[in-house]
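Spelled out, the chains give:
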There are 2 protein chains.
Amino acid sequence: MNYLTYIPIWEKLNQLQQDMLMDSAVIRRFRKGEILHNGADDCTGLILVVSGQLRAFTISDEGREITMYRLFERDICLFSASCMMNSIQFDITIMAEKDTEVLVISSEVYKSIMEVSPILANYTNEIMASRFSDVMWLVDQVMWKSFDRRLADFLLSEANIEGTNILHITQEAIGNHLGSPREVVTRMLKYFVSEGLVRLSRGVVEIIDEDGLSKWNKTKR
Amino acid sequence: MNYLTYIPIWEKLNQLQQDMLMDSAVIRRFRKGEILHNGADDCTGLILVVSGQLRAFTISDEGREITMYRLFERDICLFSASCMMNSIQFDITIMAEKDTEVLVISSEVYKSIMEVSPILANYTNEIMASRFSDVMWLVDQVMWKSFDRRLADFLLSEANIEGTNILHITQEAIGNHLGSPREVVTRMLKYFVSEGLVRLSRGVVEIIDEDGLSKWNKTKR
């Protein structure tokens, strides 16, 4: 199976361009927890997710993390190919959140086609605008939303991604998603327990009142 | 004078494309404090700064503001033409920070050229990547830097932009740049006064110890 057909504009590229991309693409598999890409100096190539799930995050000087966005099946990551564009001046780390299979596309080949193909260049523009929107949403969250609402939002979004209310996630991992110390997460989760919204056990957060959590998130206070 | 030559790739466009852009472009002037563009529904067109200074910011539901980036002479703003791309899903407001002259370029004309010209499409990619880098810097600041260091950084950067240590700026305006309530700004500025770093008078913040403020900003605490 040619996973490059996951790219929506694939059929609009000419035969030569398709052949160049196919020849340059390599399947790679990563175990849950493995790092695929680490910072702007590391020009891994474009990453197309075949199956599994990736997390893109940044790390502070002190080693704290915050999630920028997630990548699911058929998503493409540009920032793992930051050498492709001069103006990308930031570091992003990408980790497998589940066992993940990806297609890595050579940055040089992609760039050389983008330089002559307005179709590929405009498609790239759309991907970047879409990630930009994710990060603007994040700015909005961290600037204006209180931590309890961000946590409620995160738990509901995880339940939605996983398709279950029983979330196998450590409190430290939650902190790394939200850019908050584990203690802050623990305190707020305990408060949610006392409100009857969630139940905690080792490495598990179970949502027992989805409606309540959802209302919590929406209430303006 | 044809200000479109400010676009670095101008000479690489063909005659027809240059003519189309020239015919679509309109000079507009804005007074300090005027809003040029307001949110994603408002498709103003691409804005090329001829002279003056613009500020791009977002506004919370409660009306608080935070500056995303500044635009100076020869800079181009894409997000004022958000109808150009489907994936731009956020609202940005653009205000004149000084009396400003801009060239407004039609979104439809720009888009129609971008669809056939890889040169213009790739140039647009570079602009977006550059703004993306600005916003990633902002995320880093608001997540990991304490408010005193962000304030010190902001004052030094303003002094650098204005070319003077005497800044005509209200404490409320500083709050709007940094996404913080005025009271928080006032408290920290008073602390800087007590440390001998700045002097305050009505509508003015004067930096009297640039080195001290600069060290303040760099000290890890």
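About the criteria used
- Residues numbered from 1 in each chain as written.
- Chains lettered and ligands numbered in written order.
- Predicted model: local features only at pLDDT ≥ 70, side-chain atom pairs only at ≥ 80, totals over all residues.
- Heavy atoms only, no water.
- Pairing = 2+ DSSP bridges.
- Helix = DSSP H or I, 4+ residues; strand = E, 2+ residues; numbered from the N terminus.
- Axes fitted to C-alpha atoms, helices over the stretch in contact; angles between N-to-C directions.
- Contact = heavy atoms within 4.5 Å.
- Buried < 20%, exposed > 50% of the residue type's maximum accessible area, 1.4 Å probe, protein only.
- Polar contact = N/O pair within 3.5 Å; in protein donor to acceptor, adjacent residues only side chain to side chain.
- Least-squares fit on C-alpha atoms with pLDDT ≥ 70 in both.
- pLDDT = per-residue confidence, 0-100.
- Parallel < 35°, antiparallel > 145°, perpendicular 65-115°, else oblique.
- Left-handed = near helix turned anticlockwise from the far one by under 90°.
- Nonpolar A, V, L, I, M, F, W, Y, C, P; charged D, E, K, R; others polar.
- Disulfide = S-S within 2.5 Å.
- Buried area = accessible area lost by both parts, 1.4 Å probe.
- Salt bridge = Lys/Arg side-chain N within 4 Å of Asp/Glu carboxyl O.

1. Describing the sheet that holds strand E5 (residues 65–71) of chain B
Strand order in the open sheet formed by four strands is E2-E7-E4-E5 (chain B), and the pairing between neighbours is antiparallel. On the outer flanks of this sheet lie strand E2 (35–38) and E5 of chain B, each paired with one strand and no other. When the angles between neighbouring strand axes are averaged without regard to direction, this sheet yields 20 degrees. When strand E4 (residues 54–59) of chain B meets E5(B), the two strands line up antiparallel, connected through six bridges. Residue pairing across strands places Ile59(B) opposite Glu65(B), the latter belonging to E5(B). In this fold helix H3 (residues 118–144) of chain A packs onto E4 and E5 of chain B, with an angle of close to 140 degrees to the strand it touches most, E5(B). Taken strand by strand, helix H5 (residues 171–178) of chain B contacts E4 and E5 of chain B, and its axis lies near 80 degrees from that of E5(B).

2. Notes on the pairing of strand E7 (residues 93–96) of chain B
All names here are of chain B. The side-chain alternation of E7 yields two buried faces, one formed by Thr-93 and Met-95 and the other by Ile-94 and Ala-96. In terms of strand pairing, E2 meets E7 through three bridges, oriented antiparallel. Bridge assignment links Asn-38 to a residue of E7, and that residue is Thr-93. In this structure, E4 lies alongside E7, joined through four bridges in antiparallel fashion. Within E7, the position partnered with Phe-57 by the bridge is Thr-93.

3. Some details on the side chain of Gln18(A)
All names here are of chain A. You can see Gln-18 is positioned in helix H1 (residues 15–24). Separated by 2.9 Å, the side chain of Gln-18 and the backbone oxygen of Trp-10 make a polar contact. Leaving out residues up to four positions away in the same chain, Gln-18 has contacts with Trp-10, Glu-11 and Leu-13.

4. Side note on the relation of the copies chain B and chain A
Least-squares fitting of chain B to chain A yields an RMSD of 0.0 Å, with the transformation described by 0.0 Å of translation along the axis and a rotation of 180 degrees. On this basis, the relationship between the two copies can be described by a two-fold rotation axis. Residues of chain B ranked by C-alpha distance from the rotation axis are headed by Pro118(B), positioned 2.1 Å from it. A high fraction, 100%, of the interface residues of chain B reappear at the interface in chain A, so the copies pair face to face through one surface.

5. Some details on the confidence of the model for chain A
Here chain A shows a mean pLDDT of 92. Residues at 70 or above account for 98%. For chain A, helix H7 (residues 210–218) of chain A is the element with the lowest average pLDDT, namely 85, and strand E9 (residues 166–168) of chain A is the one with the highest, namely 97.

6. Observations regarding the sheet that holds strand E11 (residues 204–207) of chain A
Note on sheets: strands pair through backbone hydrogen bonds, and any given pair is parallel or antiparallel. Residues and elements named next belong to chain A. A sheet is described by the order of its strands in space; here three strands give the open sequence E9-E11-E10, paired in antiparallel fashion. Looking at which strands have only one partner, the edges of the open sheet turn out to be E9 and strand E10 (198–201). When the angles between neighbouring strand axes are averaged without regard to direction, this sheet yields 20 degrees. Where E10 meets E11, four bridges bridge the pair, whose relative direction is antiparallel. Paired with Ser-201 across the bridge in E11 is Val-204. Relative to the sheet, helix H6 (residues 182–194) contacts E10 and E11, its axis offset from that of E10 by approximately 125 degrees.

7. Some thoughts on the packing of H3(A) against helix H3 (residues 118–144) of chain B
Packing of H3(A) against H3(B) brings their axes to within 9 Å, and their N-to-C directions diverge by 15 degrees. Comparing the axis directions of H3(A) and H3(B) gives the class roughly parallel. The two elements H3(A) and H3(B) meet at a crossing, and its hand is left-handed. Partitioning the contact of H3(A) with H3(B) into residue classes produces 22 nonpolar, six polar and two charged.

8. Topic: the pairing of E5(B)
When you tally the buried positions in E5(B), you get seven out of seven residues, the bulk of the element. Hairpin connection of E4(B) to E5(B): five residues between the antiparallel strands, including Gly63(B) at a positive phi of 90 degrees.

9. Some thoughts on the state of the cysteines
Residue and element names in this part refer to chain A. As enumerated under the stated definition, the model contains two disulfides over all chains in all. A disulfide bridge connects Cys-43 with Cys-83, and the sulfur atoms are separated by 1.6 Å. The disulfide joining Cys-43 to Cys-83 has a torsion of about -65 degrees about its S-S bond and is therefore left-handed. In this pair, Cys-43 sits in the loop between strand E2 (35–38) and strand E3 (46–51) while Cys-83 sits in the loop between strand E6 (76–77) and strand E7 (93–96), placing the two residues 40 residues apart along the sequence. No disulfide involves Cys-77; its sulfur sits 11 Å from the nearest other cysteine sulfur, which is in Cys-43.

10. Topic: the environment of Tyr110(A)
Residues and elements named next belong to chain A. Looking at the secondary structure, you find Tyr-110 in helix H2 (residues 107–114). C-alpha separation for the pair Tyr-110 and Ala-121, spaced 11 residues apart in sequence, amounts to 9.6 Å. If we skip the residues at most four places from it in the chain, Tyr-110 touches Leu-21, Leu-46, Met-84, Ile-105, Leu-120, Tyr-123 and Thr-124.

11. Some remarks on the interface of chain B and chain A
Chain B puts 42 residues into the contact, and the matching count from chain A is 42 residues. Summing both sides of the interface, chain B and chain A together bury roughly 3500 Å²; the carbon and sulfur share of this comes to 71%. Sorting the residues of chain B by area buried against chain A places Phe132(B), Met136(B) and Trp144(B) first, and these three jointly supply 21% of that buried surface. Taken together, chain B and chain A are joined by zero salt bridges. Here chain B and chain A share 13 residue pairs in polar contact (both at pLDDT 80 or more) between them. Sorting elements by how many residues they give to the side of chain B that touches chain A places H3(B) first, with 19 residues. The residue inventory of the side of chain B that touches chain A, partitioned by class, reads 22 nonpolar, 12 polar and eight charged.

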